[in-house]
Amino acid sequence: MPNNWGRGRRGGARAAVAAAAGPRGQGWGEHGAAVSARELLQQERKEKFHKSQHWGYCNNVSMLLGEDKPGIGGEPLLGQKLKPKYSVFPRGVGSDAPSWVAFDKQVLSFDAYFEEEVPDKNQELYRIRHCKIYFYLEDDTIQVIEPQVKNSGIPQGTIVRRHRIPLPPPHEDQFYTIDYFNINTDIIFYARRYKIVDCDQFTKNFLRKMGVRLNPPAYRPEDPYTMERQKIADSMKPLRPYECFDTLSQFLEHDGHVLRFYCTWDDTESMFGVPRELILHYFLADDTVEIKEVLSANSGQDAVPLFLKRNKLPKYAPTGLYPPGAITDRTVLNVLGGLVGNKGRYILDNRKTGAVHQEFYKDSDLTIGSVINVWGRKIILCDCDEFTKEYYRKKYGIKDFTPVPYKAPHPPKIERKFPPYTGFGSEDDSLCSCLGLLPKPPQKDFKKFMEKDRNGLESNVLRFVAILITDNPIDKDRKFIISYFLSDDTLSVFETTQKNTGILGGKFLERGRIKKPGQELFKSEPSEYYAAQDLFVGARVCFHGHNFLLVDADEYAFNYMEKHANEFSMADINIILNKLKAIGEPSSREIKQIFAATDPEHTKMIEYDSFRNLMVNITNGKLSEHEIMTIGRYYSVRDEAEMDVNFLLAVVQEQLKKNTFENFRQLSANFVYNDRKKCGLLPHDECRTICKSFRLPVADDLLRALLTMFEDSKEQVDYKKLVDRLNWRENPITVFQTIRIPPKYEDDWSGQPQSLPVKRIKYLPLIEDMFGTEE
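Residues numbered from 1 in each chain as written. Predicted model: local features only at pLDDT ≥ 70, side-chain atom pairs only at ≥ 80, totals over all residues. Heavy atoms only, no water.

Caption draft 1: Expanded view of the overall build of the protein chain. Looking only at helices and strands, the protein chain has 21 helices and 29 strands in total. Looking at the protein chain residue by residue over its 775 residues, the buried ones come to 31%. Within the protein chain, contacts between residues separated by at least 24 positions form 54% of all contacts whose residues are at least 6 apart in sequence. (Helix = DSSP H or I, 4+ residues; strand = E, 2+ residues; numbered from the N terminus. Buried < 20%, exposed > 50% of the residue type's maximum accessible area, 1.4 Å probe, protein only. Contact = heavy atoms within 4.5 Å.)

As structure tokens, this is what we get:
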């Protein structure tokens, strides 16, 4: 038998084909006909296929069946041994999920190598190539990757792409599973033998859990030719010994880090010299120095960008300038060949014979109080910034950063005196003519105007009721309303109309700023004007010779002053209580008895008039009327003001009827569209914006009040209920159809008492705040 038959089935078949083939590649069949080599191969494959199959009968019909086909119900037939197609993992370990879910992104990694013959080289007979074998547990696929080696000359990377690899012949109908892998074993992929020498820790743990007994790691040989080349490379010396100046690491670590020192240079020895203030910047990225000069206003010196350009600063100035090329990083000994192109060669001085060594200033040389030489100029470092202090504190452990005084004391500021007022125009207008050569009109406080101007229901106007202080019986009964505008600190006075007095009401004083009385007219200092803090209940003011007594204020004025108690001391309850405590603490027991005697029925409340008389008697008039009213408002018993929703809806529906507004369905759809959470609630401001964008014909004040009626505790508006109540077609409010009373606004206040005055006072909390909780 020829030797070719010993190479396996496929090798034997090919040898038989080659032996049976004639001179033209043909053989003889059973009947003496010529048979080609391709037909012989096809016949061999058919025989191999028939060996792996067997014939069976079903309904007396002969059928071709496979060896691995199970019987009825999936049970193996008698004497049948099924071969697993994929890796088999022990049951009861881990989850019941399929392998492609349980082992997703889990890979076993093995270190291996293989030998490759090199027949074309005398320097190496074989080559050792190291690689990585990856086994993917999710689908039993295998991938072989060779790490790239510099200057190897071999195409490296993926040797075997990821797929299922069949076993070597004669079992090529099966594939590699996890059972074929272990340390210190050989494995064959497509006729190439790989030696597995080791694996990573995850692979070891996984194989141990699978019940595999791991072999000890094998020896990993090195490529002899690669080691020989490495020895030659290590023994070689470069022909051009360039020095390596590693400045990249310093740049990457300290890029953007700059030390800043404030320094001075005494230049008084030169003609017209003065002390100069300088700022020194030391760049840690490349140890360079930059100096800038700080020029004061009207110094008479030319403003230059830099006092010293950024560069390395030598420690000592040389006696003379070095010629060009004297200070270099390398010294050239000789030049060989021409200098045209790259054909020339040169020899460098590796020992640096005759090199000039020059020292430069480093960060360790810069400290507060030290003197540095900047090209012949002695500069004193006086101070530094916080970053510089932190840098020296961490690196050098310096803790003393006492600055050196270097700035001359500022001359006393000359007070600017203005000429007295001449009487022409206003004082502000006359003062502007003294502030510059070109007179400009006086500037108003625009920011204050924008903050304190009227905005919706916030009028920012304080209104007080006043009477004239006079002995004339006719003028005693006249009532005035004094309005103070917070936006520009102006005042206006209106007189209310009273029947059968013979005095016409109306504007009493034009709106404007009013000076306080008793000031000199022609003076240099600006005059004092009435401010908001000068107006409170009980205050006496004089407007152009008319003396007024403020006797009351509207609710907005009280609320505004109490909200801004830091600006209005008369409405600050803490200041008033401290003052009251200082007055009544010596006689605290008598005061408690007086309050108890005023409340004989023990209701813990007294009327406001009785409370006011008690406070006047206790303090002997040391508290103003406004302070007493502030205490009364703070400890008062008030009923919550509930606006009639039906009346408000009636007014709104009346406005919608006049404007013939009936598009409620589209308004509701607009609300639903903006309700992203579909909860039926929207914020107050968003509902107001939707109504404004929809051009709902309702005044802004009415709209805000109406939205407040449908709010919950979190300021969320129930827009469905709001639209239903606004629909005057389906839900008309018939009760108020005949009412034509317009709603009252803040501007219509006529000085009459408030609708909810303070009636009763809870005196027990007041006594506790004044004298403690003792009985």
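Caption draft 2: Main features of the pairing of strand β11 (residues 258–266). The pairing of β11 with strand β12 (residues 275–283) spans nine bridges and is classified as antiparallel. Directly across from V258, in β12, lies its bridge partner F283. Where β11 lies against strand β18 (residues 377–384), five bridges are found, and the strand directions are antiparallel. Considered in β18, the bridge of T264 is made with I380. (Pairing = 2+ DSSP bridges.)

Caption draft 3: View of unusual backbone geometry. Note that the residue after P169, namely P170, is joined by a cis bond; omega there is 10°. Along the chain, P170 turns up in the loop between β8 (157–163) and β9 (185–189). Here the phi dihedral of R695 falls at roughly 60°; this positive angle occurs in a residue that is not glycine. Checked against the element boundaries, R695 lands in the loop between α18 (684–693) and α19 (700–709).

Caption draft 4: Layout of the sheet that holds strand β6 (residues 126–136). Ordered by their spatial adjacency, six strands build an open sheet running β8-β7-β6-β5-β10-β9, and the pairing between neighbours is antiparallel. What marks the edges here is a single partner per strand, and that holds for β8 and β9. Neighbour-to-neighbour, the strand axes of this sheet turn through a mean angle of 30°, independent of strand direction. When strand β5 (residues 107–117) meets β6, the two strands line up antiparallel, connected through 11 bridges. By the bridge assignment for β6, D111 is matched with K132. Seen against the sheet, helix α4 (residues 201–209) touches β5 and β10 (192–199) and runs at an angle of roughly 110° to β5. (Axes fitted to C-alpha atoms, helices over the stretch in contact; angles between N-to-C directions.)

Caption draft 5: Summary view of the confidence of the model for the protein chain. Across the protein chain, pLDDT averages 81, with 81% of residues at or above 70. Confidence over residues 1–35 falls short of pLDDT 50; this stretch has 32 contacts with residues more than four positions distant or in other chains. (pLDDT = per-residue confidence, 0-100.)

Caption draft 6: Representation of the packing of aromatic side chains in the model. On inspection of all chains with the given rule, the structure shows 27 aromatic pairs. With 5.2 Å between their ring centres and 55° between their planes, F135 and F181 make a pair best called tilted. One end of the pair, F135, is in strand β6; the other, F181, is in the loop between β8 and β9, with 46 residues separating them in the sequence. The exposure class of F135 is buried, given its relative accessible area of 0%. The exposure class of F181 is buried, given its relative accessible area of 2%. Between the aromatic rings of F661 and F664, the centroid separation amounts to 5.4 Å while the plane-to-plane angle is 90°, which identifies the pairing as edge-to-face. Judged by its relative accessible area of 5%, F664 is buried. Taken together through their ring pairs, the aromatic side chains of F110, F114, F135, Y176, Y180, F181, F189 and Y194 make up a single cluster. Its guanidinium or amino end placed over the ring of Y136, R162 lies 3.7 Å from that ring's centre, counting from NZ or CZ. In this structure, R511 is placed above the aromatic ring of F485, and the distance from its NZ or CZ to the ring centre is 3.7 Å. (Phe/Tyr/Trp six-rings, centres within 6.5 Å; stacked < 30°, edge-to-face > 60°. Lys NZ or Arg CZ within 6 Å of the ring centre and 35° of its normal.)

Caption draft 7: Inspection of α18 at higher detail. Burial in α18 covers these residues: H684, C687, I690 and C691. The buried residues of α18 occupy an angular sector of 125° when projected down its axis, which confines them to one face. Of the exposed residues in α18, those oriented more than 90 degrees away from the buried face are D685 and S693. Lining the buried residues of α18 we find α17 (664–674), β27 (681–683), α19 and β28 (716–718). (Arc of directions from axis to C-beta.)

Caption draft 8: Inspection of the pairing of strand β19 (residues 461–468) at higher detail. Burial analysis of β19 places seven of its eight residues in the buried class, the great majority of the element. As paired elements, β19 and strand β20 (residues 479–485) share seven bridges and run antiparallel to each other. Bridge pairing links A466 to F480 in β20. Note that β19 and strand β24 (residues 546–553) share five bridges and pair antiparallel. Across the sheet, F464 pairs through a bridge with A553, a residue of β24.

Caption draft 9: Quick peek at the packing of helix α12 (residues 573–584) against helix α15 (residues 625–634). Running from amino to carboxyl end, α12 crosses α15 at an angle of 110°, the nearest separation of the two axes being 10 Å. In terms of axis orientation, α12 runs roughly perpendicular to α15. Between α12 and α15, the residues in contact are I573, I576, K579 and L580 and E627, T630, I631 and Y634, respectively. Its residues assigned to classes, the contact of α12 with α15 shows five nonpolar, one polar and two charged. (Parallel < 35°, antiparallel > 145°, perpendicular 65-115°, else oblique. Nonpolar A, V, L, I, M, F, W, Y, C, P; charged D, E, K, R; others polar.)

Caption draft 10: Representation of α19 in the model. Taken as a whole, α19 has its buried residues at D700, D701, L702, L703, L706 and L707. Residues of α19 that are buried in the fold lie against α16 (645–658), α18, β28 and α20 (719–726).

Caption draft 11: The arrangement of the environment of E116 in detail. By the element assignment, E116 lies in strand β5. Overall, E116 belongs to the partly exposed group, its relative accessible area being 22%. Linking E116 and R192, residues 76 residues apart in sequence, is a C-alpha distance of 9.1 Å. The contact partners of E116, leaving out residues within four places of it in the chain, are Y126, R127 and R129. Of the polar contacts made by the side chain of E116, one reaches the side chain of R129; its length is 3.0 Å. (Polar contact = N/O pair within 3.5 Å; in protein donor to acceptor, adjacent residues only side chain to side chain.)

Caption draft 12: Quick look at the sheet that holds strand β26 (residues 636–637). The three strands lie next to each other as β25-β29-β26, forming an open sheet whose pairing is antiparallel. The open sheet is flanked by β25 (605–607) and β26, the only strands paired with a single partner. Across two bridges, β26 lies against strand β29 (residues 760–762) in antiparallel orientation. Bridging from a neighbouring strand, V637 pairs with R760 of β29.

Caption draft 13: Structural detail: the side chain of N182. For N182, the location among the structural elements is in the loop between β8 and β9. The class of N182 is buried, set by a relative accessible area of 12%. At 3.0 Å, the side chain of N182 and the backbone oxygen of R213 are in polar contact. A polar contact is formed between the side chain of N182 and the backbone nitrogen of N215, at a distance of 3.5 Å. Apart from residues lying up to four places away in sequence, N182 is in contact with I196, V212, R213, L214 and N215.

Caption draft 14: View of the pattern of salt bridges. Counted according to the given criterion, the structure contains 36 salt bridges. The salt bridge involving E146 is made with R129; its shortest N-O contact spans 2.5 Å. Of this pair, E146 sits in strand β7 (residues 141–146) while R129 sits in strand β6, and the two are 17 residues apart along the sequence. A relative accessible area of 9% places R129 in the buried class. Among the ionic pairs, K362 bridges to D287, the shortest N-O distance being 3.3 Å. You can see K362 sitting in the loop between β16 (345–348) and β17 (371–374) and its partner D287 sitting in the loop between β12 and β13 (288–294), a full 75 residues away along the chain. In this structure K362 comes out as partly exposed when scored by relative accessible area, which is 34%. Residue D287 is classed as buried on the basis of its relative accessible area, which comes to 14%. One network of salt bridges, with partners in common, ties together E116, K121, E124, R127, R129 and E146. (Salt bridge = Lys/Arg side-chain N within 4 Å of Asp/Glu carboxyl O.)

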